[in-house]
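Residues per chain, in single letters:
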Amino acid sequence: MEEDVREHRLKYWEEQDEKVFERRKEAFDIGGEKQIARLIRQGKKTMRDLIGMLIDPGSEFFELGLDAGYNIGDISLYGGDLYRSEKRAHIPGGGVVTGIGVVQGKDCMIFANENRLAAGSYFPITLKKHMRAQAIAERLRLPCIYIADSGGVNLPLQLGCFADDGHFGTMFYNMCRMSSQGIKQYTLSTGGNTAGGAYIVYLASESIMIENLAFAFLAGPPMVKSAIGETVTAEDLGGAYVHAQHSGGCDHLVKSQEEGIRKLRDIMEFEPSQPLCCERRDSREPRFDCRDMMRSTPVSTYSAIPVMDTIKSVADDSYFHEYKPLYGLARGRSIVCGKMWLKGMPVGVVASNESGIIYAESAQKGCEWMIRCGNSKLPVIFLQGSPGYMVGKQEEWAGIGKYGADMVRACSALNVPKIQLVIGPDHGAANYGMCGRAFKPVFCFTTMRGRTTVMSGKTAGFVMETLRRKNMADRGEMVDEKEMAAFRQMMIERYDAEGHPFLTGSLLFHDGIIAFKEMREKLARALELCYRVPIEKSDWGDLKV
C-alpha cells in the first residue's frame, strides 16, 4: 500500500513538472512561425537566438521571471481590466527576457526586449520584471548587457508605466546608480529605441548600434512632424550612423546582429574576472535523486512533509549537518536547521518540516541558526512550507509572539545572501520569518506544491463564514446552510487559485517555478552567483533572544 502511494506521488509530480516545461514553451515561442518570419524579413534573429550566440558555448542561460505576465488580464487588482481592454490580457514571459549568462567566463545579467510582442514595448509587468533583474544585478555586482529593441512605454497602459517610483524612469536611475558603483552597463541596439527607450543606448558604458537596423531618438518621425513640422526619415533622425558619426550617442557601429554580438563579447573580454568568495570543494552527487524526493512529497500542499527527504536529494553526498536536532522535541522539529555542501559550496538551511506549523521552540531554533549563519557569513537557503505560527493561549504564554518576532527580525537583519524556495504552504507571518519576497532574498523560487496567500483557503473560509453568520444573526436573518457550504468551498478554491505558482508567477511574486528534477542544479547555480560578492557582517539591532 505504501509503495502504491509513493509511486502515485512520483507520477503526480512528474506530470506537474511537465506542466511547468509546457508552460515555458509559450514564452520561448511568442507569436510562433509568423513572428519569426517577420523578424527574418527585417534581417533579425529572435532575442533568444541572440542570447544563445552571446553566452559562452556549452553554458546555460539562468533565466528569471519566465512565468511573468501569463493571463495577467484575469487579475483585476493589478490592472487586469486595462490589460484586457487593450487586448493584452496575456503576455507570456512578461515582454522582456531576463537572466544570467556567462560571457567570456564572466556572469552577466542579460536583458532582451521581446520584440515579437507589441514591438518590445514596456507594460507594467515588463517594468517590474526588468527592475527585479536590475536589483539582482546590483546586489551581486553583475555587469548588465541590454539587447535593446523597444518602442518604450506601451502608450495605452502609460498610467501604470510612466510617472511613479518603480516605473519607466527607475530603469534608467538604476543604470546610472550601478554605473556609479562600477557595475558596467553595455547595450546592443538591434532595432528601434524610441523616447525613454533611447536612454538604454545613451546611458550605457559602451553602446553598439547596427547600421540600417538600429534607431534611437527622443521622438520618432511622426512626433517630430507634429511638434516642429519637420519631415525626416528614421535613418536620418536617429539611425546608427547619426549616433556613431555625429551625436556621439553610441560607441560602435556594426553591420549585422552577428557582428554586434561579437562586439559585445569583445567588450566583455576586458571585464575583470569574478571571484568565488568561498572555499569550494569537489562536488559530490547526492545518494538519493529527485525521484526519491518526489516519492516522499505528498500531493496535498497541506499534508505533512518529511523535509529531510528533500534535503538529502539536494545535498552533496546527501549529507546534512543538523543543528539542535533534539531541541524542543516534537515542537522543535517543525523547523529543521543545519548546513550542507551544494555543488561543493557550503550553505546554511532553514527548512519547514512535517506540518510546518512554527511553535515557540522551533521559532527559537530558527532564529538562533540565522544568527549563527550571519556571524559565520554563511548564505542561507530557506525551504518554506509553513502555514504559520502556532496560535492559542498556551502558545502566547510560551512566547510565540516574541520568538516569532525575533525570527522575523533575524531574517530581516541577516545580511548574508538568502535564497527562498517555497515547497508547501506559505502563509501569514511564516512568509516573513521564512524569508518571503518582502525580506529581500537574492532569489525567490517555488515548486508546484507551493501556495502563497495570507492564510489557507480553509482558514479564510472559516473566518469569513464566522463573520457572515454573526452579521446575519445580528440582522435576525436565517442561515441557509447549503449556501454557506457553497461559500466556504468558493473561498477554498479562490485562495488555492490565488496562491498557485502560476498566478503568483504571473505577478512576479517569485523568480520562477523550479521543477523537482532541476532543483539541485538551480539552487546550486543561484548559490554560486551569491558567492560572487564578499559576504558582509550582520548587525542584529534590538534582537531579544
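It should be emphasised that the depicted structure is a prediction, and the values quoted were computed from it without experimental measurement. (Residues numbered from 1 in each chain as written. Predicted model: local features only at pLDDT ≥ 70, side-chain atom pairs only at ≥ 80, totals over all residues. Heavy atoms only, no water.)

### Overview of the overall build of the protein
A count of helical and extended segments in the protein gives 22 helices and 16 strands. Relative to the compact-globule value of 24 Å for 545 residues, the protein shows a C-alpha radius of gyration of 25 Å, a close match. When its C-alpha atoms are laid out on the principal axes, the protein stretches across 75 × 65 × 50 Å. The proportion of buried residues among the 545 residues of the protein is 55%. (Helix = DSSP H or I, 4+ residues; strand = E, 2+ residues; numbered from the N terminus. Rg over C-alpha atoms; globule rule 2.2 N^0.38 Å. Buried < 20%, exposed > 50% of the residue type's maximum accessible area, 1.4 Å probe, protein only.)

### Observations concerning the side chain of N115
On the secondary structure map, N115 appears in the loop between β3 (106-113) and α5 (124-140). Among the polar contacts made by the side chain of N115, one reaches the side chain of D149 at a distance of 2.9 Å. Those residues within four positions of N115 in sequence are excluded, and the remaining contacts are R38, L39, K44, M47, G120 and D149. (Polar contact = N/O pair within 3.5 Å; in protein donor to acceptor, adjacent residues only side chain to side chain. Contact = heavy atoms within 4.5 Å.)

### Looking at helix α6 (residues 168-180)
Among all positions of α6, only F168, T170, M171, F172, N174, M175 and M178 are buried. Contact partners of the buried residues in α6: α5, β4 (144-150), β5 (185-194) and α7 (199-202). Phi for G182, located one or two positions after α6, is positive at around 85°.

### Thoughts on the side chain of Q364
The residue Q364 is located in helix α15 (residues 360-375) in this model. Reaching out from Q364, the side chain makes a polar contact with the side chain of Y327 at a distance of 3.0 Å.

### Quick word on the sheet that holds strand β10 (residues 335-342)
Strands in a sheet are paired, the pairing made by backbone hydrogen bonds, and the direction either parallel or antiparallel. Reading across from one edge, β9-β10-β11-β12-β13-β15 is the order of the six strands in this open sheet, with mixed pairing throughout. With one partner strand each, in any of the chains shown, β9 (321-323) and β15 (443-446) form the two edges of the open sheet. Between one strand and the next, the sheet's axes are offset by a mean angle of 20°, whatever the strand orientation. Of the strand pairs in this sheet, strand β12 (residues 380-384) and strand β13 (residues 418-422) are connected by five bridges, and their pairing is parallel. Bridging from a neighbouring strand, F382 pairs with Q420 of β13. Against the sheet, α15 makes contact with β9, β10, β11 (345-352) and β12, and its axis sits at roughly 30° relative to β10, the strand it touches most. (Pairing = 2+ DSSP bridges. Axes fitted to C-alpha atoms, helices over the stretch in contact; angles between N-to-C directions.)

### Things to note about the pattern of salt bridges
Counted under the stated rule, the structure contains 39 salt bridges. As a salt-bridge pair, D56 and R265 come within 2.8 Å of each other at their nearest N and O atoms. Of this pair, D56 sits in the loop between α3 (47-54) and β1 (62-64) while R265 sits in helix α11 (residues 257-269); the two residues are 209 residues apart in sequence, bridging distant segments of the chain. In this pair, the class of D56 matches that of R265, namely buried. The partner of K537 in a salt bridge is D539, with the nearest N and O atoms 2.6 Å apart. When sorted by exposure, K537 lands in the same class as D539, which is exposed. Each of D107, R280, R525, E528 and R532 takes part in salt bridges that share partners, so that together they form one network. (Salt bridge = Lys/Arg side-chain N within 4 Å of Asp/Glu carboxyl O.)

### As for a nonpolar patch on the surface
Residues F462, V463, M464 and L467 make up a contiguous nonpolar surface patch of roughly 370 Å² in combined accessible area. Here F462 is to be found in helix α19 (residues 457-474). (Patch = residues over 30% accessible without salt bridge, like charges linked within 9 Å, V, L, I, M, F, W, Y side chains within 5 Å. Areas by Shrake-Rupley, 256 points an atom, 1.4 Å probe, with all protein chains shown as cover.)

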